[in-house]
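Commentary on secondary and tertiary structure
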Amino acid sequence: MPPKKKIAALVKVQLPAGQATPAPPVGTALGPHGVNIMEFVKQYNAATESQRGNIIPVEITIFEDRTFQFVTKTPPAPELIKKALGLKSGSNNPLKTKVGQLSKEQLRAIAEQKMPDLNANDIEMAERIIAGTARSMGITIAE
């Protein structure tokens, strides 16, 4: 087993799948740590090519020898909800202005997709988390 590398930094950014560029936010997040930015961009784009059109959060672990590893997460829940309903954004005033309605099927599909990143033991709990996010965006849930 090779010796463990010392971690220099942990960076989290949200990037469009398959379309990352060395421009900000990537350059500004990785530049100060001396990481080869083009190498990261190539690897990230290759890893997320199949999910084009989504925003994919990525957690980058940077080691002292300037090498890195990254883990991609599932797209943020608000992004998935907006995509499911075809919305540009949530409501400016979620309590008064409703901008859409999420069906039970859409809710379950989003909860299943987000399950690996949610702190939930079962799909019902995951659905409740997603429903709460939807409510905070001014979206009602169909009964």
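As the structure is a computational prediction, the values presented were derived from the model and not from experiment. (Residues numbered from 1 in each chain as written. Predicted model: local features only at pLDDT ≥ 70, side-chain atom pairs only at ≥ 80, totals over all residues. Heavy atoms only, no water.)

**What to know about the UniProt feature "domain: Large ribosomal subunit protein uL11 N-terminal" (unreviewed entry) in the protein**
Mapped onto the present numbering, the UniProt feature "domain: Large ribosomal subunit protein uL11 N-terminal" (unreviewed entry) falls at residues 11-68. Helix makes up 29% of residues 11-68 and strand 28%, whereas the separation of the span's terminal C-alpha atoms amounts to 10 Å. (UniProt positions renumbered as here; feature names shortened; annotations may be inferred. Helix = DSSP H or I, 4+ residues; strand = E, 2+ residues; numbered from the N terminus.)

**Observations regarding helix H2 (residues 37-48)**
In this model H2 runs 16 Å from its N-terminal to its C-terminal C-alpha over 12 residues, within 8% of the 16 Å that 1.5 Å per residue would give. Of all the positions in H2, only Ile 37, Phe 40, Val 41, Tyr 44, Asn 45 and Thr 48 are classed as buried. Here the buried residues of H2 occupy an arc of 125 degrees about the axis, which is enough to place them on one side. Opposite the buried face of H2, by more than 90 degrees, sit the exposed residues Lys 42 and Ala 46. Close packing links the buried residues of H2 with strand E1 (7-16), helix H1 (26-30), strand E2 (55-63) and strand E3 (68-72). (Expected span 1.5 Å × (residues − 1). Buried < 20%, exposed > 50% of the residue type's maximum accessible area, 1.4 Å probe, protein only. Arc of directions from axis to C-beta. Contact = heavy atoms within 4.5 Å.)

**Examining the pattern of salt bridges**
Summed over the entire model, instances satisfying the criterion amount to 4 salt bridges. Put simply, Glu 59 and Lys 12 hold a salt bridge, and the shortest N to O gap is 3.7 Å. Within this pair, whereas Glu 59 is found in strand E2, its partner Lys 12 is found in strand E1, the two being separated by 47 residues in sequence. Judged by its relative accessible area of 23%, Glu 59 is partly exposed. Each of the salt bridges in this network shares a partner with another, and the network as a whole consists of Arg 108, Glu 124 and Glu 127. (Salt bridge = Lys/Arg side-chain N within 4 Å of Asp/Glu carboxyl O.)

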